[in-house]
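Architecture and fold: a report
Okay, here's what each chain looks like letter by letter:
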Amino acid sequence: MSNSPMPRLDLAPKLNRTVSLWKPLDYLRLLYWILYFPQALRWYVDTYGGGYTVESEMNIPIGWQLIKKNVVQRHLLIQGIILNFFPIIICIVLQRLNFVSNIFWISIAIGVMASVIGCIARSIARGVALGVVFSSSFNIAYIIAFGFFFSLDSGNSESTDFLLLNILISVLLSFVVAGYFAENMPGMVVGGIAESSVIKIFNSLIIIPLWGLTLGFLASAVYIIIGGAYPVYFTIMFSLVTMFLVAAFSIFRSFPIARFDDYIIGYLSNRYIIRSANICFPHITPLRLVFFEHQLRQCLAQNWELGLHNIQETLRYTYQFIPAINALNGILAKIPSDQLIYRIAQITENPFDWKLVYYLTVPINEELRKKGLRLAFPGGTYEINTTPRLDTFVQATAAGFWYLYREDSPHAAQAFEVVRDIAHGEEMYQLATSLNLYNGAKTVDAIVSLSLPASTLRFAPSPIFHGKTWEAIQSFYKTIEDTQLVQRSVAKATRSLALNRAIGYLTQIIQTQNQLPIAERALVVSIAQTWKEAIESVALDVGQTEILEPIRNPYIIGDPVLGEQFTGRDDIMRQLEELWITNQTLQSIVIYGHRRMGKTSILRNATANIGSQTQVIYINLQNLGSIDQGVGEVLLAISDEISDAVGIAPPTDDAFLQLPQRTFERYLKHILTEMPHSGLIIALDEFETLETLIQSGQLSPAFLGYLRGLVQKDPRLAFAFAGLHTLEEMTADYFQPFFASVIPIRVSFLNRDATFQILATPSDDFPLDYHPDALQTIYDLTYGQPYLTQLIGFYLVRHYNDYVFEQGRQRDNLITVDDINAIINEQFFQRGRYYFDGVWRQASEGAPGQQQVMQLLAFVDDGLTTNELAAQCPDVVGLGEAIATLERHDVIKQNENEAWSITVDLLKTWLQNYAPKAPK
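Cut-off values and rules
- Residues numbered from 1 in each chain as written.
- Predicted model: local features only at pLDDT ≥ 70, side-chain atom pairs only at ≥ 80, totals over all residues.
- Heavy atoms only, no water.
- Helix = DSSP H or I, 4+ residues; strand = E, 2+ residues; numbered from the N terminus.
- Areas by Shrake-Rupley, 256 points an atom, 1.4 Å probe, with all protein chains shown as cover.
- Pairing = 2+ DSSP bridges.
- Axes fitted to C-alpha atoms, helices over the stretch in contact; angles between N-to-C directions.
- Contact = heavy atoms within 4.5 Å.
- pLDDT = per-residue confidence, 0-100.
- Phe/Tyr/Trp six-rings, centres within 6.5 Å; stacked < 30°, edge-to-face > 60°.
- Buried < 20%, exposed > 50% of the residue type's maximum accessible area, 1.4 Å probe, protein only.
- Lys NZ or Arg CZ within 6 Å of the ring centre and 35° of its normal.
- Salt bridge = Lys/Arg side-chain N within 4 Å of Asp/Glu carboxyl O.
- Parallel < 35°, antiparallel > 145°, perpendicular 65-115°, else oblique.
- Nonpolar A, V, L, I, M, F, W, Y, C, P; charged D, E, K, R; others polar.
- Core = buried A, V, L, I, M, F, W, Y, C linked by side-chain atoms within 4.5 Å.
- Patch = residues over 30% accessible without salt bridge, like charges linked within 9 Å, V, L, I, M, F, W, Y side chains within 5 Å.
- Lys, Arg positive; Asp, Glu negative; His and termini not counted.
- Charge placed at Lys NZ, Arg CZ, Asp CG, Glu CD.
- Arc of directions from axis to C-beta.

1. Comments concerning the overall build of the chain
- The helix and strand tally for the chain stands at 43 helices and nine strands.
- A total accessible area of about 43,100 Å² is found for the chain, and carbon and sulfur atoms account for 55% of it.

Written as structure tokens, this is what we have:
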């Protein structure tokens, strides 16, 4: 077996269901688990019982709630209690065979009573799995031991004195045996690196016999000093008997710990009977298996990932931790330095027991020796050094990760400093140094005084290792900047926004902590929580403004947002500047996006802010209405808007109606010659109006080709189109050539920071403030939809004015989640019907089935996959196109589990309560 490739260990129990109360074989399974595989009970509770709670975190209230609320753990407790009565069956059989007398039932009563009480008490106080193992092992060991000694009574039942003496000795000895079983077996439920078993064997076989030798000689010396009457040889025999009894007791004591039976059965079955099977692998003996360390080392050398998996299985389901640690140390000593940190980081990604990392820094033999001596000689001082060592690259790297896990950032930085010159070493040193710097700041004053050294910041833009931690470090740095802004700014709105941003960064770290590497996760989250509490403590100090009259509502709903109130679209405005200012040739664009995303606001603000060299003329095509004169009437309306903007009179109406295209070209040429600007951009909003006119026959499809010709005729002329549809949806032949020469710009949801900025600073003198949770709640409800964000802000101001000035009640100036819950009512959805009805109405156009998909997704919490939607919409033809259309329109989104859900939570609520029923 030692020369064959090591298989992929799968030592977990092979059970894909819960253990039944009504299946006798399941009780035998539990009995097998208790005797030969106690780690299986932890696996069972982890898999089916809601998760295993370690003994150090368990207490009576938690245990009682688990048993009350979790049916699997409650059934396991009942099964454990029933299992304690199995020895009664054994005793009945023994009695039938005349192996025991009637008095034997006294022992049975004592054993069952003690184990049942122990099962219930320990299950409530320390966990169900521990309680079942404790009580069952106690009962089994008790009955075996008592039965063995009590069987000596079979021929002496007439002697009452002898009987009572035998009972007394049997009870005492059986409690000794049961105690050792019961105290050692529960520890095996936990699994992992349980050094205590090895240490107890060490003490049983070596330390305690030495104590016996010492006691024997001391007893002999005392006997001689007091002038004993017996000869010297008796004294020697007395000493030898004392030593023999202590040694025998020690060896006997080591049997339930060493589990020689498990070692022999598992070793023989795996080596000679079922060589590749894992089910008979020795699970609870700490005795080292022959060749196992060599096999693990070979497996690691041939396939690192498989080897790590097998080591994790070994730690999780066996006590063979010494071979696992030695094999890992042996391989790491041979790994090239450029791979070392990466390999050890893989070990720390999800170790079953973090002591595996610790034993890469400290020789395990020295640690066990020190613990054994401490157990044998309490209070003694020992010169054995068991602190993590930094003598080699392996030890220093493992020590760095160990100290990060223990939240000991100073020592982590010290350890990684040793490996700065190898691959990833400098980065891990800078990471540990940064976290150590941040970990030392506990107050706001300490936070604002922090700064990152330049050597650290150079890793942040493009991290190559532990990237999520570097993102957290960047968030800490932004938090420092915003906290500094809170302290130095005098504008309340600025301070409030900076405060909310800072708390938002820290909240984000805490909420996404599962994405952080395990090694530094607890340290990073601890820093974030400490900073968040410190910064929140100064929230009330930001200042309260006395409000003496109703607040003028600064939020804008329905109309374009202009001027300083237009925020959150810096990326699009920069793109327009590049296309219309930086380039020598003006570039035509199409701005597209879903309803009320702010497309009109972008065009209107571009008109005012694009620069003095270019004239942008905004035209809303919805103002055309119904036309009778075709293209001439459209060009006439556009010319009137241009004339109002540039102050150059347009040609006569008759000229447009007789020769519309030629007249418009001459007018544009005249404007480009006469106006002081070097470029002219004609912004046509609600562009889908032209498509409607073309489809109704009121406008010729050739009109798009005419506009394209105008764009290509003069580099000083460009068009900006804005509308609902994406380029991919404009598939008609008359649109394809036109859009080949324009650049698409998509307008979607605002990001989180932009949403916060719109809410917190709608104007320079806005007197209200937002609690960070309120800002996050609004973002969660709207997903950054601009119109709904403004609508919520509008109703929050209304709510405040009504509460304070209409009802005459007092309150502070802080908007909370309760205020938001108060305004999200039927009136809110009625006021927002322009958005909700528009989304619903557009979903009735184009691909069929869009409305059915929306209503299905509105009533599920975790979304539905494409297959699940198909199963519930069997009559929808082309369901895939309906889903794709809704996704392009930002109505639905797909999560990491490939399930679709409604993007905007408020739209989901509207669909649940106010939407008309979708047609079938």
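2. Examining the sheet that holds strand S3 (residues 679–685)
- Here we have five strands laid out as an open sheet, ordered S2-S3-S4-S1-S5, and parallel in their pairing. Of all strands in the sheet, those bounded by a partner on one side alone are strand S2 (614–620) and strand S5 (743–747). Pairs of neighbouring strands in the sheet enclose a mean axial angle of 20°, with direction left out of account.
- Where strand S1 (residues 589–593) meets S5, five bridges bridge the pair, whose relative direction is parallel. Each residue of the ladder has a partner; that of Tyr-592, found in S5, is Arg-746.
- Contacts from helix H28 (residues 631–646) reach S2 and S3, with the element oriented near 140° to S2.

3. Notes on the side chain of Thr-285
- Relative to the elements of secondary structure, Thr-285 occurs in the loop between helix H11 (260–273) and helix H12 (292–302).
- Not counting residues within four places of it along the chain, the set of residues in contact with Thr-285 comprises Ala-258, Arg-259, Asp-262, Tyr-263, Tyr-319 and Gln-320.

4. Describing the confidence of the model for the chain
- A residue-level look at the chain finds 66% of positions with pLDDT of 70 or above and a mean pLDDT of 75.
- Confidence drops under a pLDDT of 50 for residues 151–158, and excluding neighbours within four residues, the segment shows eight contacts in the predicted structure.

5. Let's talk about the side chain of Asp-890
- Position of Asp-890 relative to the elements: it lies in the loop between helix H42 (879–888) and strand S8 (892–894).
- Here Asp-890 is in contact with Met-597, Arg-746, Ser-748, Phe-749 and Thr-903, once residues within four sequence places are set aside.

6. Here we look at the packing of aromatic side chains
- Overall, the coordinates contain 23 aromatic pairs when judged by the stated rule.
- When the centroid spacing of 5.9 Å and the interplanar angle of 65° are considered together, the rings of Tyr-795 and Phe-828 count as edge-to-face. One end of the pair, Tyr-795, is in helix H36 (residues 786–806); the other, Phe-828, is in helix H38 (residues 826–831), and 33 residues separate them in sequence. Taken as a pair, Tyr-795 and Phe-828 share a single burial class, namely buried.
- Put simply, the rings of Tyr-787, Phe-794, Tyr-795, Phe-828, Phe-829, Tyr-835, Phe-836, Trp-840, Trp-910 and Tyr-914 pair up and form one aromatic cluster.
- If you follow Arg-811 out to its NZ or CZ, it ends over the ring of Tyr-803, 6.0 Å from the centre.

7. With respect to the pattern of salt bridges
- Applying the stated rule across the entire model yields 12 salt bridges.
- The salt bridge partner of Asp-26 is Arg-29, with a shortest N-O separation of 3.8 Å. With Asp-26 and Arg-29 both in helix H1 (residues 24–36), this residue pair falls three residues apart, about one helical turn.
- Put simply, Arg-501 and Asp-482 hold a salt bridge, and the shortest N to O gap is 2.7 Å. Taken together, the residues span a long stretch of sequence, with Arg-501 in helix H24 (residues 492–511) and Asp-482 in helix H23 (residues 467–488) at a distance of 19 residues.
- Given the relative accessible area of 21%, Arg-501 is considered partly exposed.
- The exposure class assigned to Asp-482 is buried, which follows from its relative accessible area of 7%.
- A single salt-bridge network, built from bridges that share partners, covers Arg-17, Asp-26 and Arg-29.

8. What to know about the packing of helix H39 (residues 833–843) against helix H43 (residues 905–913)
- Following both chains from N to C, one finds H39 and H43 inclined at 75°, their axes separated by 11 Å at the closest point. When the axis of H39 is compared with that of H43, the two are roughly perpendicular. Mapping the contact onto sequence places Phe-836, Asp-837, Val-839 and Trp-840 in H39 and Leu-906, Leu-907, Trp-910 and Leu-911 in H43.
- Grouping the constituent residues of the contact of H39 with H43 by class yields seven nonpolar, no polar and one charged.

9. A few points about unusual backbone geometry
- The phi dihedral of Glu-407 falls on the positive side, at around 60°, and the residue is not glycine.
- You can call Glu-407 partly exposed: its relative accessible area is 36%.
- In this structure, Asp-890 is a non-glycine residue whose phi angle is positive, near 65°.

10. What about the pairing of S2?
- Among the seven residues in S2, six count as buried, and that is most of the element.
- Taken together, the seven bridges between S2 and S3 define a ladder with parallel strand orientation. Counted as the bridge partner of Val-616 is Ile-681 from S3.

11. Focus: the nonpolar core
- The biggest cluster of nonpolar side chains holds 102 residues, and the ones touching the most others in it are Trp-33, Trp-304, Leu-328, Leu-332, Ile-347, Phe-476 and Trp-531.
- Here this core gets nine residues from one element, more than from any other, and that element is helix H25 (residues 518–536).
- Apart from the residues lying within four places of it in its own chain, the contact partners of Leu-332 are Trp-304, Leu-340, Arg-343, Ile-344, Ile-347, Leu-360 and Val-394.
- In this structure, Leu-775, Leu-869, Val-891 and Ile-892 belong to the second largest nonpolar core, which totals 77 residues.

12. Thoughts on a negative patch on the surface
- A grouping of Asp-640, Glu-641, Asp-644, Asp-653 and Asp-654 is seen on the molecular surface, where their side chains present a negatively charged patch.
- Of all the secondary-structure elements, those providing two or more residues to the negative patch are H28 and helix H29 (653–658).
- Counting residues per element, the negative patch draws most heavily on H28, which supplies three residues.
- Residue placement: Asp-640 occurs in helix H28.
- Looking at Asp-640, the relative accessible area reads 35%, which means it is partly exposed.

13. Quick look at the environment of Asn-329
- Within the secondary structure, Asn-329 sits in helix H14 (residues 321–332).
- Classification of Asn-329 by relative accessible area gives partly exposed; the value is 23%.
- Between the C-alpha atoms of Asn-329 and Arg-297, which are 32 residues apart in sequence, the distance is 9.1 Å.

14. Some details on helix H19 (residues 409–417)
- Inspection of H19 places Ser-409, Ala-412, Ala-413, Ala-415 and Phe-416 among the buried residues, and these make up the whole buried set. Relative to the axis of H19, the buried residues are bounded by an arc of 160° and lie together on one face.
- Considering only its buried residues, H19 is in contact with helix H18 (393–405), helix H20 (425–439) and H25.

15. Some words on H42
- Burial in H42 covers these residues: Leu-879, Ala-882, Ile-883, Thr-885 and Leu-886. Angular distribution of buried residues about the axis of H42 spans 160°; they occupy a single face of the element.
- Contact partners of the buried residues in H42: H39, helix H40 (850–858), helix H41 (866–872), S8 and strand S9 (900–902).
- A positive backbone phi angle near 65° is found at Asp-890, which sits one or two residues after H42.

16. Overview of the environment of Gln-852
- Looking at the element boundaries, Gln-852 is found in helix H40.
- By relative accessible area, Gln-852 is classed as partly exposed at 21%.
- For the pair Gln-852 and Val-876, spaced 24 residues apart in sequence, the C-alpha separation works out to 8.6 Å.

17. Section: the environment of Ala-522
- Take Ala-522: it is sitting in helix H25.
- By relative accessible area, Ala-522 is classed as partly exposed at 35%.
- Put simply, Ala-522 and Leu-404 are 118 residues apart on the chain and 8.5 Å apart in space, counted from C-alpha to C-alpha.

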